[in-house]
Amino acid sequence: MRLAELTTLRVGGEAESVIAPASRDELVAAVLELWASGDEVLLLGGGSNVVIGDDDFDGTVVRVVTRGVERLAADDSDAADNSTAAADRVRLRVQAGENWDALVALTVDNGWAGIEALSGIPGSCGAAPIQNIGAYGQELESSLVGIEFLDYLSGELVSLSAAELELGYRTSALKQGREGVVISIDLSLAVSADGLSEPIAYDQLASALKVPLGSRVPLAEVRAGVLALRASKGMVLDASDPDSVSAGSFFTNPLVGENFARTLPADAPRWANAPEPRELVVPLGYEPAVQPERTDFRFKLSAAWLIEHAGIGRGFSLPGSKAAISSKHTLAITNTGGATAAEISELARFVQTRVFSEFGVRLHPEPVFVGHSI
Ligand SMILES: Cc1cc2nc3c(=O)[nH]c(=O)nc-3n(C[C@H](O)[C@H](O)[C@H](O)COP(=O)(O)OP(=O)(O)OC[C@H]3O[C@@H](n4cnc5c(N)ncnc54)[C@H](O)[C@@H]3O)c2cc1C
């Protein structure tokens, strides 16, 4: 089977074997068997955050399609984390193959708040923690309690708390190389007696809903507002919208230090993004020859602005290439029909080079590259 058929960007060579274990137990058993055989394994949910190479994949693709949403008793940790009583929270256990947006719709219908602004993000629930999905002022991190994980190193099923996943802006320990399978995720959401959302935390969404930032709005209105905004940018999967043949945002918004941010043009958008400054511990008497990379990044830049102002506009493509910048949003690279992964990567490298030579900022791709690199 061609992997292009299993990805939203529609690139990827032929796979030797594709399986789709139907239940949680079958998924665990199948993956353990594959690991024991030494076969190469590629996990795929919705295929919406991968750029798979054109060469054939010499291994087994495991499609994660397990289903099930279970309501668990909320416990004291839900209350402690969110400063509300446990009775005001709902705890859900969701199997990895459930569709993320269907889950958001279900929570909105039930009056449970916490993930409504993450409406319309394609893909599976199991992949959601991989890059700590986020949009319109919400991130998975604030609702995720933990996951059940089949650990590659031990071969065992373990429970990992959200803290152990080291979730950050579009990243986690899982995206950074901790190998295994997300079997299910546990979420803690607020039971919204008045049917209102969490406070709106994103300017553009507040404007679209015509409310001040920080307002609480009926959950269904937030969902509808987010879906409309996303559709206007080609960011919901829609068979009638060629701009949605993509992997979503192709680059993350760069994080830079304050001094560097000051060197950018005054109109370049930047948002304070201040993680706790990390202290560097070095042995006494040790003078590092090379200063370690700064980890106390303070400002998030707009990758879309940098790309546009490096002279790459909507719809841009390289001569003869079937890969193009989306006609609605400079941050997405689209397959206009029959593009190869090599063409997608070529355009991505071109964008990186132009932005670097114009602003000295290196853009990092958001999707996972499989079988090739950018
Ligand atoms: C139009 C569009 C809009 C998007 N908008 C957003 C957005 O607003 N915010 C955002 O954060 N992302 C966005 N994305 C990216 C993508 O939807 C998310 O990253 C999503 O969580 C990927 O889910 P998936 O099931 O498709 O993952 P896949 O693409 O199938 O897999 C992604 C990675 O996770 C691994 N993986 C998949 N399932 C598992 C599992 N069960 N256990 C362990 N590893 C697994 C895969 O091996 C791969 O490395 C968008 C994508 C598109 C196409």
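In this convention, every chain numbers its residues from 1, walking through the sequence in written order. Whole-chain, interface and lining totals are the exception, using all residues; otherwise, since this is a predicted model, local features are given only for residues with pLDDT of at least 70 and side-chain atom pairs are given and counted only at 80 or more. The basis for the side-chain values is all heavy atoms of the structure; hydrogens and waters are excluded.

### Describing the site of the ligand
- When we say a residue is near a molecule or strand, we mean one of its heavy atoms is within 4 Å of it. As a structural note, the neighbourhood of the ligand is formed by 33 residues, with Leu43, Gly45, Ser48, Ser124 and Arg230 the closest of them.
- N or O atoms closer than or at 3.5 Å make up a polar contact, with two conditions inside protein: a donor-capable atom paired with an acceptor-capable one, and, for residues adjacent in sequence, both atoms drawn from side chains. Asn49 is positioned such that a nitrogen or oxygen atom in its backbone is 2.8 Å from an oxygen atom of the ligand.
- Within the backbone of Pro122, one N or O atom sits 2.9 Å away from an oxygen atom of the ligand.
- Starting from 980 Å² of accessible surface for the ligand in isolation, the protein chains cover 94%.
- Here a strand is any run of E in DSSP of at least two residues, a helix any run of H or I of at least four, and the numbering for each starts at the N terminus. Secondary-structure elements contributing two or more residues to the shell around the ligand are β2 (41-44), β8 (134-135), β12 (180-191) and β13 (246-249).
- Side-chain classes follow a simple rule in which Ala, Val, Leu, Ile, Met, Phe, Trp, Tyr, Cys and Pro form the nonpolar group, Asp, Glu, Lys and Arg form the charged group, and the remainder, Gly included, forms the polar group. Residue classes in the shell around the ligand are distributed as 17 nonpolar, 13 polar and three charged. Areas reported as accessible are Shrake-Rupley estimates using a 1.4 Å probe. Residue values count occlusion only from the protein chains shown.

### Here's the deal with a negative patch on the surface
- Residues enter a patch when their relative accessible area is above 30% and they make no salt bridge; the linking distance is 9 Å between like charges and 5 Å between nonpolar side chains (Val, Leu, Ile, Met, Phe, Trp, Tyr). One side-chain nitrogen of Lys or Arg within 4 Å of one carboxyl oxygen of Asp or Glu is enough to make a salt bridge. Positive charge is attributed to Lys and Arg, negative charge to Asp and Glu, and no charge count is given to His or to the chain ends. Every charge is mapped to an atom, namely NZ of Lys, CZ of Arg, CG of Asp or CD of Glu. Side chains of Glu5, Glu14, Glu16, Glu40, Asp54, Asp55, Asp56 and Asp58 sit close together on the surface and give a patch of like negative charge.
- Here Asp55 shows up in the loop between β3 (50-52) and β4 (57-63).

### Quick word on the side chain of Arg223
- Positionally, Arg223 belongs in helix α5 (residues 219-232).
- Looking at Arg223, its side chain comes within polar contact range of the side chain of Asp101, at 2.8 Å.
- In what follows, a contact means two residues having at least one pair of non-hydrogen atoms within 4.5 Å. Not counting the four nearest positions on each side in its chain, Arg223 is found in contact with Asp101, Val104, Ala105, Val108, Glu116, Ser119 and Gly120.

### Looking at the sheet that holds strand β17 (residues 323-325)
- DSSP-based pairing: two strands are paired if at least 2 bridges between them are found. Strand order in this open sheet of three strands is β13-β18-β17, and the pairing throughout is antiparallel. If you trace the sheet from one side to the other, it starts and ends with β13 and β17, each paired once. Between one strand and the next, the sheet's axes are offset by a mean angle of 20°, whatever the strand orientation.
- Taken together, the three bridges between β17 and strand β18 (residues 332-335) define a ladder with antiparallel strand orientation. Note that in β18 the partner of Ala324 across the bridge is Thr334. Interaxial angles span 0 to 180 degrees and are taken between N-to-C directions of axes, which are lines fitted to C-alpha atoms, for helices over the stretch in contact.

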